[in-house]
Structure formats: structure tokens, C-alpha cells
Amino acid sequence: MLLYLFLGIFLLFFIIFLVWLTFFKRKEEINLPIMALHKVDDKSELGITRLKVSQFERLIQTLKEWGYETISLEEIFKPSVERKIEGKKLVLTFDDGYEDFYINAFPILQKYNFTATVFLITGYVGKFNQWEAGFGRNFPHLNWKEIKEMSRYGISFGSHTVNHPDLTKLKKQQVEYEFLFSRKTIEDKIGKNVFYLSYPFGKYNDSVIEAARKTGYKRAYTFFPNRNQTSASFYAIPRRAVYFLDSPIDWKLKLEGGKLSWIEEMKGRIINAFSNGTILVKSSKLSRISKS
Ligand SMILES: [Zn+2]
């Protein structure tokens, strides 16, 4: 039964994707590639966005061999840098702020002289990942001591809201609270300005963008910008997610685009659709709890 459901969803997306590819696809230019990662942990879970520590090191090593240098979002907002970014540069971002970033990823980044930007869920700093669907295991989040230490080293931190909600389902005031309170919290703790945020599940709409602007953000990041978006927006910047199953060929396509990059895009959209399943599982779990 479940298999048929999965096959059905896959087929549906494939057809929609082919229609879109044929009729609506704009030519894509990747100026500054932005990669999105999540967990870097050898502890297994059902999710597909987790990288094993050895996989992560291979990714970083390969990027180095290809001549890439990393730039953090904090650096992009330094006025001298904002005007021109030269050379083979890329941005590494990590959503959710798990503690495995400090334990596993940070030492590897230091070893290769790379930097990164981590988007924190401020309501879960120093706590376990109760906001996630129950099919994973418990993963701890970073605590403020670790965050401050890495901030001093040059890792930048952005907001991933307070509670990791689906923002498109919230009232305007709730969205503004999620944006403003998370930003103030991070700024208070690390003593630096926070101008950038990443939407939970990559989900946003026009009023979410308006709230981001109003609460002091200069850039907001998603995975795939909404279909009706006609021009590039500072408040819906696309990122390429890195998956457990990726090979170096996939990494190259994510970085440089090219003829076959539609394969990456299709993979990403399907995986993103399943991660939206997290919202469904979680909300049905919550409604069961509230009923009982
Ligand atoms: Zn997230």
C-alpha cells in the first residue's frame, strides 16, 4: 500500500517536472553557488540529508581539489566584498544547527581552512530535536558556548526561526515573532548583526517575505524558489541541498549547473516533497497528542 503511494507520488512529480522542464524552465546561471547541508553524523536515521563524517570530509577535500574557496554570509555583507566576489567561491550553509556540526564538521572545516554559515532554531539551542518527526533518533542541537566559540573563529550564524514551523501556515504576527525573536536572541548571544535567515522546509510566500523584510533581514534562503516568482529575489535565494546519495558528479552539477543539472533539480524536488512529509507526520502527531 505504502509502496503504491510512493510510486504514485513519484510518478506525479515526474510528470509535473517534465511539463515544467519543457515549457517553463528558465536558463539558470550559478554565480555564487550556495550549498545546503544538515546533519554530519555517523549515527543513522531515516532522513536522506545526513552525511556520514567520512562523506563530508570527502566533499570538503574534493571542493578544495577543484580549487574552491568558501565565503561566509557574514563576509558577503562586508561592504567591500558585497560589490564583487571573485574567483571560485562558494557558500556552505547548514540548517537546523545540530551539535554534530561542532563535533564532526567544524574540525574538518578548520583542517581545510573552510568556513560556513549555520542557521539556528533558537528555541532548540542546547536541546534535542523534538521539532522533527519521530522517525529519526534524538539528535542534540548546538549550545551557546559552542556557537560563541565558532563565531569567534569565523563561522557565521543566521536564523532558522524560533520553532521551525511551516511559516506559510502562521498568522502574520506569529511569523514576525519567529523572525524577530530569533534574530535578537542570536545577536545578543554572539554580539554580531544577523541579516540572513533560512526558511524552515524552504517554505515561504509573499507575506512571509514581507515579514522578513520588516524584521530586519537582508537575505533569506530557500531551496527552490516558488514557481510564480518572476525575478530573482533577495528573499528567496535558492540553495542546492547535498544528500547522502550524492556522488562527486552530483556535487559538480550542483556547483556549476550544466546540461544534466535538471537531474539534480528533480532529485532535490522529490526529496523536498518528502521532507514536507515531516510537517504532515509532525502535525498529525501533535493533533493526536492534543486530542488525547
Ligand atoms: Zn530546517
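Residues numbered from 1 in each chain as written. Predicted model: local features only at pLDDT ≥ 70, side-chain atom pairs only at ≥ 80, totals over all residues. Heavy atoms only, no water.

**So, the overall build of the chain**
If you tally the helices and strands in the chain, you get 10 helices and 8 strands. Counting across all 292 residues of the chain, residues that qualify as buried make up 48%. Looking at the chain alone, contacts between residues at least 24 apart form 66% of all its contacts between residues at least 6 apart. When the accessible surface of the chain is split by element, carbon and sulfur atoms take 59% of a total near 15,200 Å². (Helix = DSSP H or I, 4+ residues; strand = E, 2+ residues; numbered from the N terminus. Buried < 20%, exposed > 50% of the residue type's maximum accessible area, 1.4 Å probe, protein only. Contact = heavy atoms within 4.5 Å. Areas by Shrake-Rupley, 256 points an atom, 1.4 Å probe, with all protein chains shown as cover.)

**Some words on a nonpolar patch on the surface**
Together, Leu-2, Leu-5, Phe-6 and Phe-274 make up a nonpolar patch on the protein surface, roughly 390 Å² of accessible area in all. In terms of residue count, helix H1 (residues 2-23) provides more of the nonpolar patch than any other element does, 3 residues in total. For Phe-274, the position within the fold is in helix H10 (residues 261-291). Given the relative accessible area of 35%, Phe-274 is considered partly exposed. (Patch = residues over 30% accessible without salt bridge, like charges linked within 9 Å, V, L, I, M, F, W, Y side chains within 5 Å. Salt bridge = Lys/Arg side-chain N within 4 Å of Asp/Glu carboxyl O.)

**Digging into the packing of helix H2 (residues 53-65) against helix H9 (residues 248-256)**
Relative orientation of the contacting elements H2 and H9 amounts to 55 degrees, with a least axis distance of 11 Å. When the axis of H2 is compared with that of H9, the two are oblique. The two elements H2 and H9 cross, and the hand of that crossing is right-handed. Of the residues in H9, those touching H2 at Gln-55, Arg-58, Leu-59, Thr-62 and Leu-63 are Pro-248, Trp-251 and Leu-255. Broken down by class, the residue content of the contact of H2 with H9 amounts to 5 nonpolar, 2 polar and 1 charged. (Axes fitted to C-alpha atoms, helices over the stretch in contact; angles between N-to-C directions. Parallel < 35°, antiparallel > 145°, perpendicular 65-115°, else oblique. Left-handed = near helix turned anticlockwise from the far one by under 90°. Nonpolar A, V, L, I, M, F, W, Y, C, P; charged D, E, K, R; others polar.)

**With respect to the confidence of the model for the chain**
Summing up the model confidence of the chain, the mean pLDDT is 85 and the portion of residues at 70 or higher is 85%. Per-element confidence in the chain ranges from a low mean pLDDT of 57 for helix H4 (residues 79-83) to a high of 98 for helix H7 (residues 172-190). (pLDDT = per-residue confidence, 0-100.)

**Some words on the coordination of the zinc ion**
Looking at the zinc ion, one finds its protein donor set to be Asp-96 (OD), His-160 (NE2) and His-164 (NE2), positioned 2.1 to 2.2 Å from the metal centre. The sequence motif formed by the donor residues of the zinc ion is D-x63-H-x3-H. (Donors = N, O, S within 2.8 Å, 3.2 Å for Na, K, Ca; no water.)

**Some thoughts on the pattern of salt bridges**
Overall, the coordinates contain 10 salt bridges when judged by the stated rule. The salt bridge involving Lys-89 is made with Glu-69; its shortest N-O contact spans 3.7 Å. Taken together, the positions of Lys-89 in strand S3 (residues 89-96) and Glu-69 in strand S2 (residues 69-70) put the pair 20 residues apart, joining distant regions of the chain. Judged by relative accessible area, Glu-69 falls into the partly exposed class, the value being 46%. The shortest N-O distance in the salt bridge between Lys-254 and Asp-246 comes to 3.0 Å.

**Comments concerning H9**
Within H9, burial applies to Asp-250, Trp-251, Leu-253, Lys-254 and Leu-255. Of the residues one or two after H9, Gly-257 is the one with positive phi, at around 70 degrees.

**Some words on unusual backbone geometry**
Positive phi values are uncommon outside glycine, yet Asn-113 reaches one of about 60 degrees. Relative to the helices and strands, Asn-113 is located in the loop between helix H5 (100-111) and strand S4 (117-120). The backbone of Thr-161 sits at a positive phi, close to 75 degrees, despite the residue not being glycine. Here Thr-161 is to be found in the loop between strand S5 (156-159) and H7.

**Section: H2**
In this model, H2 (13 residues) spans 18 Å end to end at C-alpha, consistent with the 18 Å of a helix rising 1.5 Å per residue. For H2, the complete set of buried residues consists of Val-53, Gln-55, Phe-56, Leu-59, Ile-60, Thr-62 and Leu-63. Downstream of H2 by a residue or two, Gly-67 has a phi angle that is positive, lying close to 90 degrees. (Expected span 1.5 Å × (residues − 1).)

**A look at the nonpolar core**
By size, the foremost hydrophobic cluster in this structure holds 50 residues, and its most contacted members are Phe-56, Leu-92, Phe-94, Phe-101, Phe-157, Phe-179 and Tyr-199. Among the nonpolar cores identified, the runner-up in size contains 10 residues, and Leu-73, Ile-76, Tyr-221 and Ile-237 belong to it. (Core = buried A, V, L, I, M, F, W, Y, C linked by side-chain atoms within 4.5 Å.)

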